Amino acid sequence: MTDMETTAASRQQVDAGRELPAATLAELHEIAARYPDRRSALLPMLHLLQSVQGRVTAEGIETCAAMLDLSAAEVSGVATFYTMYKRRPVGDYHVGVCTNTLCAVMGGDLIFERLKGHLGVGNDETTDDGKVTLEHIECNAACDYAPVMMVNWEFFDNQTPESAAAVVDDLVAGNEVRATRGARVCTWREAERVLAGFPDDRADEGPSAGPASLAGLQLARERGWRAPQPDRGAADGDAVAADQASKGVREESDVAVDASPAGTRHQDKKRSRDAAAGTETSNGSSKEAGT
Amino acid sequence: MTDPLTPVLSDNWDTDRSWTLAAYEQLDGYGALDKALGQTQDDVIELVKSSGLRGRGGAGFPAGMKWGFIPQGDDKPHYLVVNADESEPGTCKDIPLMMASPHTLVEGVIISAYAIRANLAFIYVRGEVLHVVRRLQRAVQEAYLAGHLGKDIHGSGFDLDVIVHAGAGAYICGEETALLDSLEGRRGQPRLRPPFPAVAGLYACPTVINNVETIASVPCILANGADWFSSMGTDKSKGTTLYSLSGHVNRPGQYEAPLGITLRQLLDVAGGVRHGHELKFWTPGGSSTPLLTAEHLDVPLDYEGVGAAGSMLGTKALQIFDETTCVVRAVLRWTEFYKHESCGKCTPCREGTWWLAQTLTRLEQGQGTEADLETLVDLCDNIVGRSFCALADGAAAPITSSIQFFRDEYLEHLRVGDCPFDREASTLFAMAGASA
């Protein structure tokens, strides 16, 4: 029997008698097949199991262990190491309030207090209706938008206790909620599926960037600041000729750039930036960022 | 003379649907890739070396030199791993970059993988940023469909696959060897070095691990040349980089500037510390870099300048705190973070961070004694440098620096028997109220 046959046989053994849906088992195998070493699949596999079962179950641990030729203890050791894996059922909406230093100082502590009272739950607890799990979280890399709240790992920027409570009310009421920088909020289980490597169709929702992400860029546009112009002649040898040829084409098109209505999208970044001098571009983007 | 701000990495963030391949290609996107594929791998490494690009994840190690450590002509597969596990408190540059322009990163990945002769690359992104994961997944998918990824890229004969891998919540996985363990499906715990990842990294094969911003800087170097890149910055710290201002500043956000700008200059362009208040303390590069104060406003924010001032450039995460902030509360909260995030592998860190948190909790509540300050310093002394990785060093940094600069404020807590600060006064809502 070859190794592959052995693996296939053991997979069938593993799959038999499990209560997980066959489609889930197939997807778990699919994840494992992405990697040169199947064990690398363990984190995304646990994400997928959470999307199906709402938490990491003993059954899920056993399934991963059997599929990856690990002991249940090894898988359990991994599942308990990472904070995103939950052993107790998570609500439809995981609400995380950043209470690391900067967000705490900027109001995160007060937001967290308010939500605890508002929802009647403590840290890492779920409301009785199973809708919302509240947790204080560590720095989520959005400090320029402090204080920050995450709903199913989508950004809710510059929150106040009032705005945070309003978001939670909307979630509980089943209203559509949109992240400040992100998509329409999906359920926690749907989010976990994306993290397992099965994309949904929401990548194109939401803005490119929020106002803080663009703060320096907009100022540079207003003041005409930019990086030095590259000296094309000094760039690496082989590419010079081709580059200069294309430059000639560009210089012709620059005439059209200058004459066309502001806000038109152009091929040549550098020159159109010169022409626009930060007027239309920055206005356009601040509109986008504001929505 | 270079302009104060030099948007390159952030230059396309305000374009319409900037995250899409169409928008990226409109601005010459994937043009740098052609230039790279037209050169030998060694030439690309040489170019990045001579550009002076240093790692933007905190340590500042020269990127080209790191690539040069990968053994050539061995029979093992090589791997490129992008560290997109941005989690250092205060650090918020890679997430907006990947949100607004994931293709800049993907193009950088392809060029870098080509240079180190890797045919498989991973983007290890923290799991807690769903929309960024989506944008990366989409960008990689678009790149495959356009022939920028997959077999025989642009007819060069070079093959590359990229896997977007979401983490699951662990600060320690930002440490490169812990990240590798995590990517291998284990608990994220640091490895003893040597061997370094360049020799025995992922699956014990030669591996380059670079921060998002480092890899995203590669396409502009290919496009514009090493001299262009190194014309920005200071003597030993070259290029343009993202500075992230947060906290009590009028216009927080991302400010891309040449390395070596000062906080005074950055505050000037960011509208200053919030109105009616003054700078009390700040971090130059996240919470693991020793605190600095108003006396350091003119320190050049490059690797050497901040080092000479007794701190570290780190991730250039400038967290600004004004006089309404209690430094003891701030440091306690960071300490609780390190306690929570210590992976538990090394005893000085696992036990030490718990003792630090307990002692600081007493002090913050105005209990304890002055001798506790000496205990803290002594504890830090016994923790720093005694673990596999730098997490514990980071835990000690805010404590020792805050005692150095704000010893009286600790003592004031003891005199008052409580924290003498009003928590409401430091909040964003207080700011809104004050300016309304």
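Presented here is a report on the structure given in the accompanying data block. Bear in mind the structure is a predicted one, so any value in this text is a computation, not a measurement. (Residues numbered from 1 in each chain as written. Chains lettered and ligands numbered in written order. Predicted model: local features only at pLDDT ≥ 70, side-chain atom pairs only at ≥ 80, totals over all residues. Heavy atoms only, no water.)

1. Topic: the overall build of chain B
Right, so step 1: Scanning chain B from terminus to terminus reveals 19 helices and nine strands.
Right, so step 2: For chain B, whose C-alpha radius of gyration is 22 Å, the value lies close to the compact-globule estimate of 22 Å for 436 residues.
Right, so step 3: Per-residue burial for chain B yields a buried fraction of 66% across its 436 residues.
Right, so step 4: A separation threshold of at least 6 residues defines the contact pool for chain B, and within that pool the share at least 24 residues apart is 71%.
Right, so step 5: For chain B, the exposed area adds up to about 14,000 Å²; of that, 52% sits on carbon and sulfur atoms. (Helix = DSSP H or I, 4+ residues; strand = E, 2+ residues; numbered from the N terminus. Rg over C-alpha atoms; globule rule 2.2 N^0.38 Å. Buried < 20%, exposed > 50% of the residue type's maximum accessible area, 1.4 Å probe, protein only. Contact = heavy atoms within 4.5 Å. Areas by Shrake-Rupley, 256 points an atom, 1.4 Å probe, with all protein chains shown as cover.)

2. Here we look at unusual backbone geometry
Right, so step 1: Here the amide bond leading from Ala146(A) into Pro147(A) is cis, since omega sits at -5°, within 30 degrees of zero.
Right, so step 2: By secondary structure assignment, the location of Pro147(A) is in the loop between β3 (132–137) and β4 (149–151).

3. Overview of the sheet that holds strand β2 (residues 125–126) of chain A
Residue and element names in this part refer to chain A.
Right, so step 1: An order of β2-β3-β1-β4-β5 is seen for the five strands of this open sheet, with the pairing classed as mixed. Lying at the two open borders of the sheet, with one neighbouring strand each, are β2 and β5 (154–156).
Right, so step 2: Here strand β1 (residues 93–98) runs beside β4; their pairing, made up of three bridges, is antiparallel. The residue bridging Gly-96 from the neighbouring strand is Met-150, located in β4. (Pairing = 2+ DSSP bridges.)

4. Points about the pattern of salt bridges
Residues and elements named next belong to chain A.
Right, so step 1: The final tally for this structure, using the stated rule, is 41 salt bridges over all chains.
Right, so step 2: Across the pair Arg-193 and Glu-27 runs a salt bridge whose closest N-O atoms are separated by 2.8 Å. Linking Arg-193 in helix α8 (residues 188–195) with Glu-27 in helix α2 (residues 22–33), this pair joins segments that are 166 residues apart in sequence.
Right, so step 3: Its relative accessible area of 30% is what places Arg-193 among the partly exposed residues.
Right, so step 4: Residue Glu-27 is classed as buried on the basis of its relative accessible area of 18%. (Salt bridge = Lys/Arg side-chain N within 4 Å of Asp/Glu carboxyl O.)

5. Regarding a nonpolar patch on the surface
Right, so step 1: Judged by side-chain polarity, Phe61(B), Met65(B) and Phe69(B) come together as a nonpolar surface patch covering roughly 280 Å² of accessible area.
Right, so step 2: If you trace the backbone, Met65(B) turns up in helix α4 (residues 63–68). (Patch = residues over 30% accessible without salt bridge, like charges linked within 9 Å, V, L, I, M, F, W, Y side chains within 5 Å.)

6. Looking at helix α8 (residues 176–183) of chain B
Residues and elements named next belong to chain B.
Right, so step 1: Here α8 lies mainly inside the structure; eight of its eight residues are buried.
Right, so step 2: Buried within α8 we find Glu-176, Thr-177, Ala-178, Leu-179, Leu-180, Asp-181, Ser-182 and Leu-183.
Right, so step 3: Following α8 by one or two positions, Gly-185 has its phi on the positive side, about 85°.

7. Remarks on the nonpolar core
Right, so step 1: Counting 177 residues, the largest nonpolar core has Leu46(A), Tyr82(A), Trp67(B), Val109(B), Phe122(B) and Leu160(B) as its most contacted members.
Right, so step 2: Membership of the second largest hydrophobic core comes to 29 residues, among which are Tyr243(B), Val269(B), Leu301(B) and Leu318(B). (Core = buried A, V, L, I, M, F, W, Y, C linked by side-chain atoms within 4.5 Å.)

8. Some points on the sheet that holds strand β1 (residues 79–84) of chain B
Residues and elements named next belong to chain B.
Right, so step 1: An order of β3-β2-β1-β4 is seen for the four strands of this open sheet, with the pairing classed as parallel. At either margin of the open sheet sits one strand with a lone partner, and together these are β3 (161–166) and β4 (207–211). Across this sheet, the average inter-strand angle for adjacent strands is 20°, counted without regard to direction.
Right, so step 2: Two strands pair when backbone bridges link them, and strand β2 (residues 120–125) and β3 are joined in this way by six bridges, in the parallel orientation. In the strand pairing of β3, Tyr-124 is matched with His-165. (Axes fitted to C-alpha atoms, helices over the stretch in contact; angles between N-to-C directions.)

9. Notes on the packing of aromatic side chains
Right, so step 1: The tally for this structure, following the rule as stated, stands at 15 aromatic pairs over all chains.
Right, so step 2: With 6.2 Å between their ring centres and 55° between their planes, Tyr79(B) and Phe122(B) make a pair best called tilted. Residue Tyr79(B) is found in strand β1, and its partner Phe122(B) is found in strand β2; the two are separated by 43 residues along the sequence.
Right, so step 3: Through pairs of rings, three or more aromatic residues link up here, namely Tyr35(A), Tyr79(B), Phe122(B) and Tyr203(B).
Right, so step 4: Taking the ring centre of Phe406(B) as reference, the NZ or CZ of Lys280(B) above it sits at 5.6 Å. (Phe/Tyr/Trp six-rings, centres within 6.5 Å; stacked < 30°, edge-to-face > 60°. Lys NZ or Arg CZ within 6 Å of the ring centre and 35° of its normal.)

10. With respect to the pairing of β1(A)
All names here are of chain A.
Right, so step 1: Burial analysis of β1 places six of its six residues in the buried class, the great majority of the element.
Right, so step 2: By the alternation rule, side chains of β1 split into Tyr-93, Val-95 and Val-97 and His-94, Gly-96 and Cys-98, which are all buried.
Right, so step 3: Here six bridges tie β1 to β3, and the two strands are oriented parallel to one another. Paired with Val-95 across the bridge in β3 is Leu-134.

11. Topic: the packing of helix α17 (residues 371–383) of chain B against helix α18 (residues 391–416) of chain B
Residue and element names in this part refer to chain B.
Right, so step 1: Where α17 meets α18, the axes come as close as 9 Å, and the angle between the chain directions of the two elements is 160°. Of the possible angle classes, the one that applies to α17 and α18 is roughly antiparallel. Seen along the crossing, α17 lies across α18 with a hand that is left-handed. Together, Leu-373, Glu-374, Leu-376, Val-377, Cys-380 and Ile-383 of α17 and Ala-392, Asp-393, Ala-396, Ile-399, Thr-400, Ile-403, Arg-407, Tyr-410 and Leu-411 of α18 make up the contact between the two elements.
Right, so step 2: Split by residue class, the contact of α17 with α18 holds 11 nonpolar, one polar and three charged. (Parallel < 35°, antiparallel > 145°, perpendicular 65-115°, else oblique. Left-handed = near helix turned anticlockwise from the far one by under 90°. Nonpolar A, V, L, I, M, F, W, Y, C, P; charged D, E, K, R; others polar.)

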